[in-house]
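Single-letter residue listing:
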Amino acid sequence: MALSISFLMLLTALALSPLCSAFPHGGPFLFPQFYDRSCPKAHEIVKSIVAKAVAKEARMAASLLRLHFHDCFVKGCDASILLDSSKTIVSEKMSVPNRNSVRGFEVIDEIKSALEKACPHTVSCADILALAARDSTVLVGGPYWEVPLGRRDSLGASIQGSNNHIPAPNNTLQTIITKFKLKGLDLVDLVALSGSHTIGQSRCTSFRQRLYNQTGNGLADFTLDPAYAASLRSRCPRSGGDQNLFPLDLVSPTKFDNHYFKNLVAKKGLLSSDEILFTNSPATKKLVELYAANGELFFQHFARSIVKMGNIAPLTGSMGEIRKNCRKVNHA
């Protein structure tokens, strides 16, 4: 079905609107040139280490991008996800969305170590996450965006927030919309940022119900292509194989492109939370169809939306701290 001219005009306006209008959570305090004088080689250091990590393992690009997302949706973009458990902190790494799933911490450690040598106590772990997400995306063919900088690091973590606020693979579309809305993100942001699933992998346990018992009637999800479902069952049985990995984009799993959206149109979205963007709402379906047909517009919207996400409740000024070690607060 052709998209209406008014809908296209709205999306174009959203994509081209000034980024400052996308900062409901303190954007003016962040700016790309934040470290130009205090740590002029910061961008170069982050980019070189990320490039080395992605060259060693292509999957790492998706892992670093996901760290930024999972960080920002809990307490804002403050690197709380990087904190290990201690006497006073219960790590977000142990939450349901993160346990045995989030990764890339060693890459962040290496970046932080290099930055501490170059310019001690200057570059925050939160900003490292934001830069690593951008550099990872670009390295695998995705869009470039200027990263507003100047975030500081949290003094604590929230495992409850991690369990409650990060969208889950089995959430209803309305629940996901609500979780995004609570962070100041709209439908365009939701669908565009979901496009990050054009890279990366997911565990069998995250989508098994779609293969065997989606609605409690013992049948597979009818929105899942039968041939695709059969291929998934070969390595994702009714029991066992929980940690078996599957590409989120079966066409180009290590390239950041718009095949994710083309897969949704073809009923080949891996996660329920992905496929419902095409099947459960006329508004999100239009966006999926638009991005499937226009990869350039997807890139424009993704870049705008991830900058907007990166400005969720940052700690700035004298708030928080600049951690010396991203895994623990300075006074620990």
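Everything discussed here concerns the structure shown above.
Residues numbered from 1 in each chain as written. Predicted model: local features only at pLDDT ≥ 70, side-chain atom pairs only at ≥ 80, totals over all residues. Heavy atoms only, no water.

A. Structural detail: the state of the cysteines. Per the stated rule, a full pass over the model turns up four disulfides. The disulfide that involves cysteine 39 links it to cysteine 119, with 1.8 Å between the sulfurs. Here the residue cysteine 39 occupies a position in the loop between α1 (5–16) and α2 (42–56), and cysteine 119 occupies one in the loop between α4 (105–118) and α5 (125–139), the gap between them amounting to 80 residues. The disulfide bridge from cysteine 125 ends at cysteine 326, spanning 2.1 Å between sulfur atoms. Across the disulfide from cysteine 125 to cysteine 326, rotation about the S-S bond amounts to roughly -95°, and the bridge is consequently left-handed. Taken together, the residues cysteine 125 in helix α5 and cysteine 326 in the segment after α14 (295–309) connect sequence positions 201 residues apart. Neither cysteine 125 nor cysteine 326 differs from the other in exposure class; each is buried. What links to what in the protein chain: the bonded cysteines, counted in sequence order, pair as 1-4, 2-3, 5-8, 6-7. (Disulfide = S-S within 2.5 Å. Helix = DSSP H or I, 4+ residues; strand = E, 2+ residues; numbered from the N terminus. Buried < 20%, exposed > 50% of the residue type's maximum accessible area, 1.4 Å probe, protein only.)

B. Structural detail: unusual backbone geometry. In this model, lysine 75 sits at a positive phi of 65°, which is unusual for a non-glycine residue. Within the secondary structure, lysine 75 is located in the loop between α3 (60–72) and α4. Residue classification places lysine 75 among the partly exposed positions, given a relative accessible area of 37%. A positive phi angle, close to 55°, is found at histidine 121, a residue other than glycine. By the secondary structure assignment, histidine 121 is in the loop between α4 and α5. Judged by relative accessible area, histidine 121 falls into the partly exposed class, the value being 41%.

C. The environment of aspartate 186, seen in detail. Structurally, the position occupied by aspartate 186 is in the loop between α7 (173–181) and α8 (187–194). Taking relative accessible area as the criterion, aspartate 186 reaches 30% and is therefore assigned partly exposed. Between the C-alpha atoms of aspartate 186 and asparagine 258, which are 72 residues apart in sequence, the distance is 20 Å. Side-chain polar atoms of aspartate 186 contact the backbone nitrogen of valine 188, separated by 3.1 Å. (Polar contact = N/O pair within 3.5 Å; in protein donor to acceptor, adjacent residues only side chain to side chain.)

D. Expanded view of the packing of aromatic side chains. Here the structure, examined in full by the defined rule, presents 16 aromatic pairs. With a centroid separation of 5.7 Å and an interplanar angle of 45°, the aromatic rings of tyrosine 291 and phenylalanine 298 are classed as tilted. Tyrosine 291 gets classed as buried once you look at its relative accessible area, which sits at 0%. For phenylalanine 298, a relative accessible area of 0% corresponds to the buried category. With centroids separated by 6.0 Å and ring planes inclined at 65°, the aromatic side chains of phenylalanine 298 and phenylalanine 302 adopt a geometry described as edge-to-face. In this pair, phenylalanine 298 and phenylalanine 302 both sit in helix α14, four residues apart, roughly one turn of the helix. For the residue pair phenylalanine 298 and phenylalanine 302, the accessibility class agrees, reading buried in each case. Aromatic ring contacts, followed pair by pair, group Trp145, Phe256, Tyr260, Phe261, Tyr291, Phe298, Phe299 and Phe302 into a single cluster. Taking the ring centre of phenylalanine 246 as reference, the NZ or CZ of arginine 235 above it sits at 4.5 Å. (Phe/Tyr/Trp six-rings, centres within 6.5 Å; stacked < 30°, edge-to-face > 60°. Lys NZ or Arg CZ within 6 Å of the ring centre and 35° of its normal.)

Keep in mind these numbers describe shape, not what the thing actually does.
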